[in-house]
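# Coordinate inspection notes
What follows is each chain in one-letter form.
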Amino acid sequence: MSAYRDKDPRIHGIQSKIRVVPNFPKPGIMFQDITTLLLDPKAFKDTVDLFVERYKGKNISVVAGIEARGFIFGPPIALEIGAKFVPLRKPKKLPGRVISEEYELEYGRDCLEMHLGAVEPGEQALVVDDLIATGGTLCAAMKLLERVGADVVECACVIELPDLKGRERLNGKPLYVLLESH
């Protein structure tokens, strides 16, 4: 499911504010830079509003944002839909007791952590990030939430790189994106 397929008129404005940086952080990568989107208050608000319109009234009690850009979009969505925001962080960034989930990257391994007790069994969760590429990070986030008994309702990203087939790794879990980049 995607907003760009629904032909929402705000999508063009959002897409026009995302800068593509060739060969960053390494040769061959076309980096999707959302920092330029954040410089435009209307485009940033439209981005958040599209997600809020989709999730308001859906009984979502947890918005889990993936470090670091999920921290930009997750909190305003959570506030507007009346949910709590739970940060999913890289290792050793959260004080106190945490639960961890390791995952594979194209070039190695990484890990996400969440505070124990931040999410209760039975809570309805939304996972938010800026982009889905291969899907490894979103899969790890879903596993982390499901391990503590949450029901992950959907994953939401601003951008999808469909050529990397990350959606296929989500095992049928719904993914909502605002736009695709090829």
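All values reported here derive from a predicted model rather than from experimental measurement.

## Let's talk about helix α3 (residues 41-55)
Its 15 residues give α3 an end-to-end C-alpha distance of 21 Å, which sits within 8% of 21 Å, the value for a rise of 1.5 Å per residue. All of the buried residues in α3 are A43, D46, T47, V48, L50, F51, V52 and Y55. Where α3 begins, the capping side chain belongs to D40, and its oxygen is found 3.0 Å from the backbone nitrogen of K42. At the exit of α3 stands G57, carrying a positive phi of roughly 80°.

## Some remarks on unusual backbone geometry
Cis peptide bonds are those with omega within 30 degrees of zero, and the linkage from F24 to P25 qualifies with 0°. The topology assignment puts P25 in the loop between β1 (19-22) and β2 (30-33). A68 follows E67 through a cis peptide bond whose omega is 0°. On the secondary structure map, A68 appears in the loop between β3 (62-66) and α4 (70-81). Look at N59: it is not a glycine, yet its phi comes out positive at around 60°. Locating N59 in the fold gives a position in the loop between α3 and β3.

## As for the packing of aromatic side chains
The full count for this structure, using the stated rule, is five aromatic pairs. An angle of 80° between the planes, with centres 5.2 Å apart, marks the rings of F24 and F31 as edge-to-face. Owing to a relative accessible area of 42%, F24 belongs among the partly exposed residues under this scheme. Seen in terms of ring centroids, F71 and F85 are 6.0 Å apart; in terms of plane orientation they differ by 90°. Their pairing is edge-to-face. Of this pair, F71 sits in helix α4 while F85 sits in strand β4 (residues 84-88); the two residues are 14 residues apart in sequence, bridging distant segments of the chain.

What counts, and where the lines are drawn
Residues numbered from 1 in each chain as written. Predicted model: local features only at pLDDT ≥ 70, side-chain atom pairs only at ≥ 80, totals over all residues. Heavy atoms only, no water. Helix = DSSP H or I, 4+ residues; strand = E, 2+ residues; numbered from the N terminus. Expected span 1.5 Å × (residues − 1). Buried < 20%, exposed > 50% of the residue type's maximum accessible area, 1.4 Å probe, protein only. Polar contact = N/O pair within 3.5 Å; in protein donor to acceptor, adjacent residues only side chain to side chain. Phe/Tyr/Trp six-rings, centres within 6.5 Å; stacked < 30°, edge-to-face > 60°.

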